[in-house]
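# Survey of secondary and tertiary structure
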Amino acid sequence: MKKSIEKILQNRELNLVGLIIILLILVTIRSPRFLELRNVERIVNDTAILIMVAAGQFLVILTGGIDLSVGSTIAFSGMAASMLNEAYPAMPVYLILLIGVLVGTALGAFNGSCVAFGKIPPIITTLGTMSIFRGFTFVLSKGQWVTAHEMTSAYTMIPRGRLFGIPNLTTWAIFIFIIMYYFVKYTRHGREIYAIGGNKTAAHFVGVSEKKVNFMVFTISGALCGLAGVMWTARYAAAVNETATGFELQTVAACVLGGVSIAGGSGTITGVLLGALFLGIINNALPVVNLSPFYQMAIQGFIVLAAIVANVLMEQRNEKKLLNRRRQ
Amino acid sequence: MKKTILELKDIAKYFPGIKALDNVDFTIRTGEVHALIGENGAGKSTLVKIMTGVYQPTKGKILMEGSEVHFGTAHDAQAAGVAAIHQEASMFTELTVTENIFMGHHLRKKGGTLDWKAMRQHTQELLDRLELDINPDTLIKNLGTAQRHMVEIAKALSVDAQLVIMDEPTSALSLHEVEELYKIIRQLKDEGKAIVFISHKFDEIFEICDYFTVFRDGQYIGEGEVATSSVDEIVKMMVGRSLGHMFPKKEAAIGEAVLDVKGLSLPGFFKNVSFTLHKGEILGFFGLVGAGRSEVMRTIFGIDKKSEGTIVLNGHEIHISSPRLAMQRGIAYVPEDRQEQGAILEMSLSHNITLPQIDKISPFGVLNKKTEKTITEEFGNKMEIKAANWKVNANTLSGGNQQKVVLAKWLATDPDILILDEPTKGIDVATKAAVHEFVSEMAAAGLAVILVSSELPEVLGMADRIVVMHEGHVSKVLNRDEANSDNVILAATGHEEGM
Amino acid sequence: MSDKLKHVSQSRLINETSFKERLIETVTKWEFILIVLFAGVVIFFSNASPYFLNYFNLMNTTFNFMEKAIMALPMIFVIMCGDIDISVASILALSSFAMGHASAAGAGTPEIILIGLCVGMVCGIFNGLLITGLKIPAIAVTLGSQSLFRGISQAILGDQAYTQYPESFAYFGQGYVGDTLIPFELVLFLILAAVMGFILHKTSYGRKLYAVGNSATAARFSGVPVARIRFTNMVLNGLFAGIAAVLLTSRIGSTRPNIANGWDMEAITLVVLGGVSISGGKGNIFGVIIAIFLLGYLKFGMGLLNISARSMIIITGFLLIAAVLIPEMLGRFKAKRKLMKQQA
Ligand SMILES: Nc1ncnc2c1ncn2[C@@H]1O[C@H](COP(=O)(O)OP(=O)(O)OP(=O)(O)O)[C@@H](O)[C@H]1O
Ligand SMILES: [Mg+2]
């Protein structure tokens, strides 16, 4: 039994599960109602967008790159979709959703082209497009917001509706997770991402195209941001120009916590899911445990740092164990 | 019946500043093992990369079974039936053995889903065929050097290839694995496949190859049947002159003990290793790959931490916790892996060569270009490095020339104790003789040398005494006059114990 | 040096030292592109606005970007070694908070400055210890310490602000050197840039930075104290953030928890725009200095023309991409041309 769990979760992920449990226990001691089903549902639902976007970030980081433009891409596609909804209230919302995704895909493809064909390092490309896409959001909206009463209820129901009692937003996140799991594990293109991140020369020797992989991961990341943009604006029933500012660091943090190597080539989507949930729990727990909001940032920083340190220490211990086992 | 499978016509490949290949013709036939011979930097690996689609030629034509082909990527070449083992290790260390073997040509089920079960099974079969005891699910980072190379060989075999190219496949293998490889090569030949085999070791070429082609300075020099040629003829084609003595060992007066190692242990790697090194002595370390020799040396150099034992230097016990401290004590270590540990690939030759002593040659920490230049030129030329100039990056050099850079950089530090770990790996015969001569001269001048090598003739020809290791412990210490290939190999394979 | 290689056959070398080739070589260099862009900015704005080419304005506007510029200097070292520090702006905030606290408690200018610098350094030591001692990637560490450092000042300050500083403290961020119109901040930056540039390019420490950035393993095998160097870099980064904190706090005369929010990315932008490779091992200080003034004056010029903030961020974004894309494209063009020539 233990073996099979260990097989599903790698060591690092098991550690993270342990950390999540410890965190939950600590929070529940202070606020016993934290673990009620309704609250758990809310936490997962609150984390759903992070999970989607972190999944795209995960692919980019696997290649050894980084996508700093996710926040701006979310803002732009969310704004575009909301304005469309405002302008054409009769348009079917799933068409709008599709358009939102396509807009995100286009922005992602732009990033991908810069990296793949322009040979611009990912961090520079996305540092640039982070500003550019944000600026375009302002240009598109002329600085205006789209507020709740300007959106149709069908639009705001996209994430809120329920299927089998589960909120749509959560369902979407689960869906993305499963697809992503299948993609990186059971498709050729998915494995090629690991190849590029692991060893570029070796990938070249076996005919894996760096260009293709780079273009692909940024485009996927963009598409997921497009989806997230629609979800975000619909869920909060507002499209503002500052939507998702700073969100890129949250997604990177989810990956780092989930054990994805920032240098590329190793990591799993399960780890990313756990990392995102961990962050989601902290975000939700802090207001619940009745702390001054001014303390939140410091405590969040401290917990993230502590989790990273704990994770690394356990990892190092495991590696030592493995080495000793090999020596025997 | 032999028929032409791949033909290169008038191929050229230019890199910035240098012509790697020029006017090259090359023909490969089925059912034949074809040796590609040439000095370091002659252009062999470049040719391999052109045949496998990694590089595209600057000019020239490639004909596959008579019709012209273009290999735009490695994928195209693979699809056309060309498989290769490249000179420099090219593994995905974070991925499993199975995945490394199938990357680029994963097996798929009908719908396109990857078929891990089938791939795993195929991997197991390949590993069995090579008589390797490795779990297909092991991550490459947990394998030793020799095992990694064997996985590379398995990878080449996993492609259903008409032509298998092997670029110095034996440089990291020990005797047993080399035998295994020969067996595979013979099998392939019997199946009517074509093999290109690159090596700087003539015994291997005479053992396994049928035909040879020689290159020099990027140009075709000549070809012939191996059976009707002599080593001397081939060497003459290679370097344009006959070769002197391969192991110009100078008699040196053995002085007092400088390094005394007692009971050194590192669990899982080596146990209770003791030996003494004297001034003027060349102490050979022989063993199979994985016997723990490199780990002992790394421990002495302060990279790995010993768990037990003492290291006594010039009569004082020392504790070395970093390479920096080891260097301050006059120890230099030429590491085993030139690409990872030896050279800094994206730095210029000159910066590479002066790096270990950069503090020493920079008064008050300020760089001195003139001193750097003098050192670079002196040792770079002594090692016969072939490059466009001293400012090019190390990664533009051929494998053997990179190795020479690593040698130059450590010889330039003027150490008291020089540890050489497979120093002539991938170096051509002529330069090898030069390196041997140089090391011998330095020993004669009082340097204490440890020579770790998997090449038996090198150890027998150069060492004053030979420490033989087997599975992590010293199985025998032999004097120069009592050592011969039989008793050394016996001790290395664990068949003969005792001091 | 190139003429002294003994063992390579001369017939095999391709000679490319003709004047034209060298010219093309120079023109496609990153720094050259930056200089051209800089010149373009100056020419464009001096035609567009009569206030641009004004000595007083040109000097005074440097106040707006010198603190970031100073933070970019040690960031070159950090990025050169393949690390990154996204906590510098938070270090600045914490350091500014400490200075405000000290000032409120009645400390004089020298003590305030000392405290600011020390807090910066301690933060750097904290990061450095986690990175080199526990072997955690720099991005992971500084991702956490980013919230931690700023969070601490926020936890204590809440929505308050410190605004009381001694009068003499104002000099560092507002003063001019002697009777000239040259800001103290600018002079300090130039001195620090000269020192850091000297270290990077003329000392063995600088050489070792390049070695670590290109291959930490090989550097260690060559006796380079890799951990110590990476640690030192993080401490320097903290110290310089402390210096920036002194200047900025002195300039705006107040400390709020959101001070210098987002400046980490701006400092990193300056470094990568200046041509330092984010994966380490490549780059030089001149590129970064040009990038600093390029971006600074670009923003100044755009401000003169009343270009809106949102257009400004679009323009700087495109500039960042263009600055990398142009040399890359030219390089490709160059390679193709060379090939065609050789084939002919
Ligand atoms: N990527 C590159 N950039 C520039 N020059 C290169 C590059 N690759 C190879 N060269 C040059 O091409 C020449 C041939 O190199 P190659 O690697 O083919 O030699 P080799 O015959 O395989 O030598 P060795 O026996 O040392 O492996 C060398 O002079 C080398 O410096
Ligand atoms: Mg070669």
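Residues numbered from 1 in each chain as written. Chains lettered and ligands numbered in written order. Predicted model: local features only at pLDDT ≥ 70, side-chain atom pairs only at ≥ 80, totals over all residues. Heavy atoms only, no water.

### Focus on the sheet that holds strand β8 (residues 194–198) of chain B
Residue and element names in this part refer to chain B. Defined as follows: Paired strands, in this sense, are two strands between which DSSP finds at least two bridges. Secondary structure elements are taken from DSSP: a helix is a run of H or I of four residues or more, a strand is a run of E of two residues or more, and numbering for both begins at the N terminus. Axis angles are defined between N-to-C directions and span 0 to 180 degrees, where every axis is a line fitted to C-alpha atoms and, for a helix, only to the segment in contact. Two residues form a contact once any of their heavy atoms are found within 4.5 Å.
Read across the open sheet, the six strands follow the order β6-β7-β8-β3-β9-β10; overall the sheet is mixed. Looking along the sheet, the strands with just one partner apiece sit at the ends: β6 (82–85) and β10 (219–225). Neighbour-to-neighbour, the strand axes of this sheet turn through a mean angle of 20°, independent of strand direction. Taken together, the four bridges between strand β3 (residues 33–38) and β8 define a ladder with parallel strand orientation. Counted as the bridge partner of Leu 36 is Ile 198 from β8. Contacting β6 and β7 (163–167), helix α5 (residues 145–158) crosses the sheet at an angle of about 180° to β6. Lying on the sheet, helix α8 (residues 231–239) is in contact with β3, β9 (211–216) and β10; it crosses β9 at an angle near 30°.

### Observations concerning the interface of chain C and chain B
Operational definition: Buried area counts how much accessible surface, traced with a 1.4 Å probe, disappears from two parts once they are put together, with both parts' losses summed. Salt bridges are defined by distance alone: a side-chain nitrogen of Lys or Arg within 4 Å of a carboxyl oxygen of Asp or Glu. Any N or O atom pair separated by 3.5 Å or less is treated as a polar contact, with the protein-specific requirement of one donor-capable and one acceptor-capable atom, and with residues adjacent in sequence counted only for side-chain atom pairs. The nonpolar class holds Ala, Val, Leu, Ile, Met, Phe, Trp, Tyr, Cys and Pro. Asp, Glu, Lys and Arg form the charged class, and all remaining residues, Gly among them, are polar.
Listed as interface residues are 38 residues of chain C and, on the opposing side, 53 residues of chain B. When the two sides are added together, the surface that chain C and chain B hide from each other amounts to roughly 4,000 Å², 58% of it contributed by carbon and sulfur. On the surface where chain C and chain B come into contact, there are three salt bridges. A salt bridge links C:Arg207 to B:Glu372, with the nearest nitrogen and oxygen atoms 3.0 Å apart. Across the contact surface, chain C and chain B share ten residue pairs in polar contact (both at pLDDT 80 or more). Counting only elements with at least two residues in the side of chain C that touches chain B, the list comes to α9 (184–202), α10 (204–214), α11 (216–221) and α15 (309–343) of chain C. Residue composition of the side of chain C that touches chain B, by class: 14 nonpolar, 14 polar and ten charged.

### Here we look at the interface of chain A and chain B
How large an interface is tends to be reported as the accessible area lost when its parts come together. Contacts between chain A and chain B engage 24 residues on the former and 27 residues on the latter. Of the roughly 2,200 Å² buried between chain A and chain B, counting both surfaces, carbon and sulfur atoms make up 62%. In this structure, A:Arg191 engages B:Glu99 in a salt bridge whose closest nitrogen and oxygen atoms are separated by 2.5 Å. Across the contact surface, chain A and chain B share six residue pairs in polar contact (both at pLDDT 80 or more).

### Thoughts on the coordination of the magnesium ion (ligand 2)
Residue and element names in this part refer to chain B. Rule in force here: Ligating atoms shown are N, O and S within 2.8 Å of the metal, or 3.2 Å for Na, K and Ca, and water is not included, meaning a site may look less than complete. Only protein chains enter the accessibility calculation, which uses a 1.4 Å probe; a residue whose area is less than 20% of its type maximum is buried, one above 50% is exposed, and one in between is partly exposed.
Taken together, Ser 45 (OG) and Gln 87 (OE1) make up the protein donors of the magnesium ion (ligand 2), found 1.9 to 2.1 Å from the metal. Remark: Gln 87 occurs in the loop between β6 and α3 (97–102) and Ser 45 occurs in helix α1 (residues 44–51); sequence separation between them is 42 residues. This pair shows no difference in class: Ser 45 is buried, exactly as Gln 87 is.

### Structural notes on the site of ligand 1
Under the convention used in this document: Here a residue is considered near a molecule or strand provided that any single heavy atom belonging to it is located within 4 Å of it. Per-residue and other accessible areas follow the Shrake-Rupley method at a 1.4 Å probe size, with only the shown protein chains counted as cover for residues.
What surrounds ligand 1 is a group of 22 residues, the closest being B:Ser45, B:Thr46, B:Thr396, B:Ser398 and B:Gly400. Around ligand 1 the close residues trace back to chains B and C. A distance of 2.5 Å is found between an oxygen atom of ligand 1 and a side-chain nitrogen or oxygen belonging to B:Thr46. For ligand 1, the protein covers 91% of the area, taking 630 Å² as the surface of the free molecule.

### A closer look at the pairing of β9(B)
All names here are of chain B. Counting buried positions along β9 gives five out of six residues, so the element sits mostly inside the fold. With five bridges connecting them, β3 and β9 associate as parallel partners. In the sheet register, Leu 36 faces β9, and the bridge partner there is Thr 213. Here β9 runs beside β10; their pairing, made up of six bridges, is antiparallel. Directly across from Tyr 211, in β10, lies its bridge partner Glu 225. In textbook terms, the turn of a hairpin is the stretch between consecutive antiparallel strands, and for β9 and β10 this stretch comprises two residues, one of which, Asp 217, has a positive phi near 50°.

### Quick notes on the pairing of strand β20 (residues 473–479) of chain B
Residue and element names in this part refer to chain B. Two strands pair when backbone bridges link them, and strand β19 (residues 465–470) and β20 are joined in this way by six bridges, in the antiparallel orientation. Residue Ile 466 lies in a different strand from β20, and its bridge partner there is Leu 478. Where β19 folds back on β20, the antiparallel hairpin that results is connected by two residues, among which Glu 471 adopts a positive phi of roughly 45°.

### Some remarks on the confidence of the model for chain B
Residue and element names in this part refer to chain B. Operational definition: Scored from 0 to 100, pLDDT records how confident the predictor is in each individual residue.
Residues of chain B with pLDDT of at least 70 account for 99%, and the chain-wide mean is 89. The secondary structure element of chain B with the lowest average pLDDT is α5, at 86, and the one with the highest is helix α12 (residues 349–354), at 96. On the interface metric, ipTM, the complex scores 0.87, and its pTM is 0.90.

### A word on the sheet that holds strand β12 (residues 270–278) of chain B
Pairing is antiparallel in the open sheet, where four strands are placed in the order β12-β11-β14-β15 (chain B). Two strands in the sheet have a free side with no partner beyond their single neighbour: β12 and β15 (316–317) of chain B.

### So, the domain arrangement of chain B
All names here are of chain B. Selection criterion: For the domain bounds, the source is a domain assignment made automatically or taken from a database.
Parsing chain B into structural domains produces domain 1 (4–239) and domain 2 (257–492). Summarising the inter-unit geometry, the C-alpha centres of domain 1 and domain 2 are found 29 Å apart. With 22 residues of domain 1 in contact, the opposing surface of domain 2 contributes 22 residues. Taking both sides of the interface into account, the surface hidden between domain 1 and domain 2 amounts to around 1,700 Å²; carbon and sulfur atoms contribute 58%. Broken down residue by residue, the surface that domain 1 buries against domain 2 is led by Asn 40, Glu 88 and Leu 175, which jointly contribute 33%. Seen at the junction of domain 1 and domain 2, the total is two salt bridges. Residues Glu 39 and Lys 386 are paired through a salt bridge, measuring 3.1 Å at the closest nitrogen-oxygen approach.

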